[in-house]
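Residues per chain are reported as follows:
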Amino acid sequence: MSAADGRDIGACADGDCQILVSEPVTVRFKGPSGAAATLKVTKVGPNEVAYTVKSGHGQSRGSARGPGQGCITVLRSNGSGNSCGGLGDGARPSAQTGAVVIQAATGEVGTAIVDIVSD
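Residues numbered from 1 in each chain as written. Predicted model: local features only at pLDDT ≥ 70, side-chain atom pairs only at ≥ 80, totals over all residues. Heavy atoms only, no water.

Asks: Account for the overall build of the protein, with residues named and values stated.
Replies: When helices and strands are tallied, the protein shows 0 helices and 9 strands. Each helix and strand of the protein, ordered N terminal to C terminal, gives the series β-β-β-β-β-β-β-β-β. Referenced to the eigenvectors of the C-alpha coordinate spread, the extents of the protein come out at roughly 35 × 25 × 25 Å. For the protein, buried positions account for 47% of its 119 residues. Taking contacts inside the protein between residues at least 6 apart in sequence as the whole, the part at least 24 apart equals 37%. Counting every atom, the protein has about 5900 Å² of accessible surface; 46% of that belongs to carbon and sulfur. (Helix = DSSP H or I, 4+ residues; strand = E, 2+ residues; numbered from the N terminus. Buried < 20%, exposed > 50% of the residue type's maximum accessible area, 1.4 Å probe, protein only. Contact = heavy atoms within 4.5 Å. Areas by Shrake-Rupley, 256 points an atom, 1.4 Å probe, with all protein chains shown as cover.)

Asks: Can you break down the sheet that holds strand β5 (residues 58-65) residue by residue, with the values?
Replies: Across the sheet, which stays open at both edges, the 4 strands sit in the order β2-β3-β4-β5 with antiparallel pairing between neighbours. Single-partner strands in this sheet number two, and they are β2 (25-30) and β5. Averaged over all neighbouring strand pairs, the angle between strand axes comes to 15 degrees, with direction disregarded. (Pairing = 2+ DSSP bridges. Axes fitted to C-alpha atoms, helices over the stretch in contact; angles between N-to-C directions.)

Asks: Please set out the sheet that holds strand β9 (residues 112-118) residue by residue, giving values where relevant.
Replies: The strand order across the open sheet formed by 5 strands is β1-β9-β8-β6-β7, and the pairing between neighbours is antiparallel. Each having just a single partner strand, β1 (17-21) and β7 (79-86) make up the two edges of the open sheet. Here the strands of the sheet are splayed against their neighbours by 15 degrees on average, with no regard to which way each runs. Relative to β9, strand β8 (residues 99-106) runs antiparallel, the two being bridged by 7 bridges. Its bridge partner lying in β9, Val101 is registered against Val117.

Asks: Tell me about unusual backbone geometry, and name the residues and values.
Replies: Phi angles above zero are rare outside glycine, and Ser33 is one such case at about 60 degrees. Mapped onto the secondary structure, Ser33 falls in the loop between β2 and β3 (36-45). Relative accessible area serves as the criterion here: at 73%, Ser33 is assigned to the exposed category.

Here's what the structure looks like:
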């Protein structure tokens, strides 16, 4: 597994990155409308990932277990939505107008790929 920004969580500050994580980390980034947001990866293991996202007064959680599994959280200034399950080809999510899209995908060797995509 490889990620465009490697393990550099600082690359996410602008709300656009792809990083590889192998242990719990906290990632701070620019959320919808420039508001501060935080992604806490709380668990990473073989084919397992769990996280919490906070933005404004809202919070969203996601967790997935199994090969090819993951979660997508869409943050908007008026709330968020979350979906977990099979990610198909695991491609980087598309940007959505007025939103920040977060995707965490499981990896076989105890790593996960985290994408943060802003419009």
